[in-house]
Amino acid sequence: MAQRTYDKIWDEAEDSLEKLVNEELCDEPLEHGKDRHASFHMVATFYVRYLQIMRNVEQCYNQLVQPQKRQLLRFLLDGVMGRLLELKQEMLQLQCTEYYYMDDILEDFKLMPQDLEVPIPRYIVNERKQILQDRQKHFRELLAKLKPKVNQTRDEQVSMSVEEAVRLVQLVERARQGRLSMNNVHKQKERKCWAKQSCSVVVMDRVAAAQKIQKTLENTSLLIDESLEAQHCAVQIGLERELVNEMDAIKDKIQKVEGLGIKEDIQEQIRQWFVECWDIAGAFPDYPNENDGGSAAIIAEKTFNELKEELVPQELDQQKKGKKNIDEKKNRKDKKEKAAAKKEDNGWKMLPSNFLPTITEGHKTYNEVWKHRDEFICFHQKFDVELMRKIKRKEVESEIRVQKKKAKKTRKAIDLTANRTIESLFEELVNQGVLVQPQRIQLANLTGEYSYRGTGMELLQTGTEPVPSLFDLHQQVKLCVILPLGSPTVHEKAPLVRSLLLVGPHGVGKKSLVHAICTETGANLFNLSAVNIKGKYPGKAGLQMLMHLVFKVARNMQPSVVWIDDAEKMFRKKVPKEEKELDPQRLKKELPKMLKFVKPGDRVLIVGTSPVPYEAELKSICKVYDKILQVPRPKYASRLALWRSFISNKGGVITPVLDLNSLSVLSDGYTPGHIVQSVQAALSKRRLQLQRRCPLVAAEFIHELVQMRQVSHEEDEKLKVKPCKNADGVMKSLASFRI
C-alpha cells in the first residue's frame, strides 16, 4: 500500500485515541462502587479499544519510512502498550484472575476472537537485527573453540584375522547385490506405470489443479515478501541514521550561532519575573533545581495569583495551625468513622496512569505538526530540516534554562570484575555453559486456539477458577513478558515483573515458551538450573562470583532471561539423597538478594519452570516469583490444530479418511509432547512412502498414544493457580496448589 494509505490509518487511529483519552480524563470519576462486574466491563472495553489502536499504530510504524513520523509513532506505540499493561493490571484487581473472558465485548464491537490477539511489535527484533546476527556469529565461534580437535594423526590399525576379513567382505557384497536387485524391481514397476500413463491422457481435477497452483504461488510470494521486507527495513534504518547525524550537526550549529542570544533572552525573562514577583508578593520565589525544570518551571507553570498564594507570610500559617489543633480532636471520631466506612465499602477506583500523559503529548504533537500536513510532493520521504531545527532549538533552550548543580557522590556496589570487559565475561559464561544459545522458536509456531465454548465468564461468576487455554497463556506471556522486555520505555513505567514461574506437567511446552520468549525479544538466555551449574564455581565465593557475572552481563546486554529448570527443587523442605550431589538449594539465598537489585528499566527476567510445584514450600516460592502461570493441557480446539500441524510438518497427507475430530476427542488428557511422540512413531519413512496406496487413519496414531501415560485430573487440580492479595492489598499472582 502507498504511504497515503498508512497516513489515513494513522489519522483514524488518532481520532479513536482522542475519544478514548477524553473518556478516561473526564471530570466524572471512573468508579462503580460495589458493582465490580460493571467496573470490569468498563476497563475491559477500554482494553479492547486500546488493543485495536495499538495494532493500527504498530502497522503504520512498521510500514512508514519518514523518520520523523516514525519517531512520533514509536512514542505513541510505547504509550499505548504501557496503558494496555496498566489496564490489564486493573482487570487483575477486579477479577482476581490472570485470565479474563470478554465474549460480550466482542459481540458489542462485532469483533472476532482473533482480534483479541496481542500483536508483537516487529521493531523489537528488526531494529536489532544486525546486533543479533553479530552475537550469533560470536556465539558460534566460541562454541567451535570448545569442540574437541580431531586428531590428524593416523588411527591405529585394528588387527583382524583372514577369516574375519573374508566374512566382512561377503556381508558387504551380499548387501550390495540385494540393493541392486531391489532397485531394478522398483525401476521396472515405474516403467510400467509410465507406460500406462502415456497411453491414456491424464486429466487433473480443477480443485486439485487450483490447489497446486496456489501452493506454488504461495511459495514464490513468501520469498518475494521476505526480500521486500528486508529492503524496506534497510531503507528505514538508513534514513534514521541520516536523521541522527543531521540532528547532531544542527544542534551544534544552533549552540554556536544562537546560544548566546538565547541565554541573554532567558536571563532578561528571569530578571523581569523576579521584579514582577517582588512587586506583587513582596518576596522572591525559590529557584527550582534541575529535576523540577529550572527557570522554565517558574515561568511556564505558575501564574501570578498562584505565586502570591504561595508567598503569603508564615504568620498566617501559624494562626491556621492553632485553629487546626483545636479542630483535630473533634475530627478524630469522624476520621475513624470514615476509615471504617471505607473498609466496609469495597468500591473500586482506577489508579493514576503513567502513560496517559505520554499519549496526550503524542496526540498533541500529531495535531500540531502532521494532521494537516500535505506530503504529496515529498516522494523520497526524507526528514524535514525546518521541523528538526525547531525541536533542537527547544532542546538547547531547555538545557540553558536548567540550573545545573554538581552531582552528589553516591556509593556504588562492589564490582568483583572491575578490571575485566563485558566481552571477556560473556566468553567465560559461554565456556562454562551458563550462557546458552536459545532455540529459534516463534510464539506463533506454538499452536494454541481460543476457547470457543464461552464458559470462562460463567465459571468466574460462580466463583470457580476456569482452566485457561493455550491462547490465553500466550496472551499473558506477551503482555507480562514480551512487551516489557522489548521496549525500555514500557519496562520503566509499566507494572514491574521481575520473575515468572511456569507450571505444568511434562510435555506441555514450558521450555519451548522460554525459548520463544528469547526469540521474540532477542534476549540472552542464562541457564542456572541445578543440573547445569553442578560443580561450577564451587564454594560461597564462587557462588557470589557466578551471580555477579550473570547479572552484570545480563544488565549490560539487555534484554536477558535467567532460566531455572525444576524450580521446585530449590524450595523443598528436604533434599532427596539422589539429588544431594546436585545441591538444588544452592541459589535459595542468593537469588532473592539479586532480585532486589532488578529495578524498572533493567530488562532482566527470572523464569522458572516446574512440573510439580506443590512439592515446594508455598511461601518461599511465592516470595521469589512475582507471577505464576499455569501451562494447561490443550483443549479440543488446540488439540485439533496440533494434530493437523504436526502431521503436516512430518510429511503426512491429511485426507477425509483420517478422522482428526476423533483423534482430538480421544487425545483428551495428553500433552503436546505426547502428540508429537505419537506422530513421530507412527510416521516412519516407510509409512510416508505408502501414503498413496494406503492413506493415514486415526487408529495408527491412537495405537501409539495409548502406550503413553495420560495426565490425570488430580494432577491438573494440584497445578491450579489462583491470584491472592499481598500485605499491601495489591493483587499478586500466587499459587494455591492443592496437595
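Residues numbered from 1 in each chain as written. Predicted model: local features only at pLDDT ≥ 70, side-chain atom pairs only at ≥ 80, totals over all residues. Heavy atoms only, no water.

Under an unreviewed UniProt entry, the name given to the protein is AAA+ ATPase domain-containing protein, and the source organism is Eptatretus burgeri.

Student: What exactly am I supposed to notice about the packing of aromatic side chains here?
Tutor: Aromatic rings in a pair are described by how distant their centres are and how their planes are angled relative to each other. Within the structure shown, the criterion is met by four aromatic pairs. Judged by centre distance (6.0 Å) and plane angle (90°), the rings of Phe 139 and Phe 426 are edge-to-face. Within this pair, whereas Phe 139 is found in helix α6 (residues 129–146), its partner Phe 426 is found in helix α15 (residues 422–432), the two being separated by 287 residues in sequence. Overall, the relative accessible area of 6% leaves Phe 139 in the buried class. Assessed through its relative accessible area of 3%, Phe 426 is described here as buried. Ring centres of Trp 643 and Phe 701 lie 5.8 Å apart, and the angle between their planes is 65°; this geometry places the pair in the edge-to-face category. Residue Trp 643 is found in helix α23 (residues 636–650), and its partner Phe 701 is found in helix α27 (residues 698–706); the two are separated by 58 residues along the sequence. Judged on exposure class, the residue Trp 643 and its partner Phe 701 are both buried. The ring centre of Tyr 61 lies 4.2 Å from the NZ or CZ of Arg 70, which sits over that ring. (Phe/Tyr/Trp six-rings, centres within 6.5 Å; stacked < 30°, edge-to-face > 60°. Helix = DSSP H or I, 4+ residues; strand = E, 2+ residues; numbered from the N terminus. Buried < 20%, exposed > 50% of the residue type's maximum accessible area, 1.4 Å probe, protein only. Lys NZ or Arg CZ within 6 Å of the ring centre and 35° of its normal.)

Student: I'm lost on the pairing of strand β5 (residues 604–610) in this one. Help?
Tutor: Each regular strand displays side chains that alternate between the two surfaces of the sheet. For β5, a buried count of seven out of seven residues is recorded, marking the element as mostly surrounded by other parts of the structure. Pairing of strand β2 (residues 499–503) with β5 involves five bridges; the strand directions are parallel. Following the sheet pairing, Leu 502 is matched in β5 by Thr 609. By the bridge criterion, six bridges tie strand β4 (residues 560–565) to β5 in an arrangement that is parallel. Among the inter-strand pairings, Ile 564 is bridged to a residue of β5, identified as Gly 608. Following the chain from β4 across helix α21 (residues 590–596) to the adjacent parallel β5, one finds a crossover that is right-handed. (Pairing = 2+ DSSP bridges. Right-handed = clockwise from strand over helix to strand, strands pointing away.)

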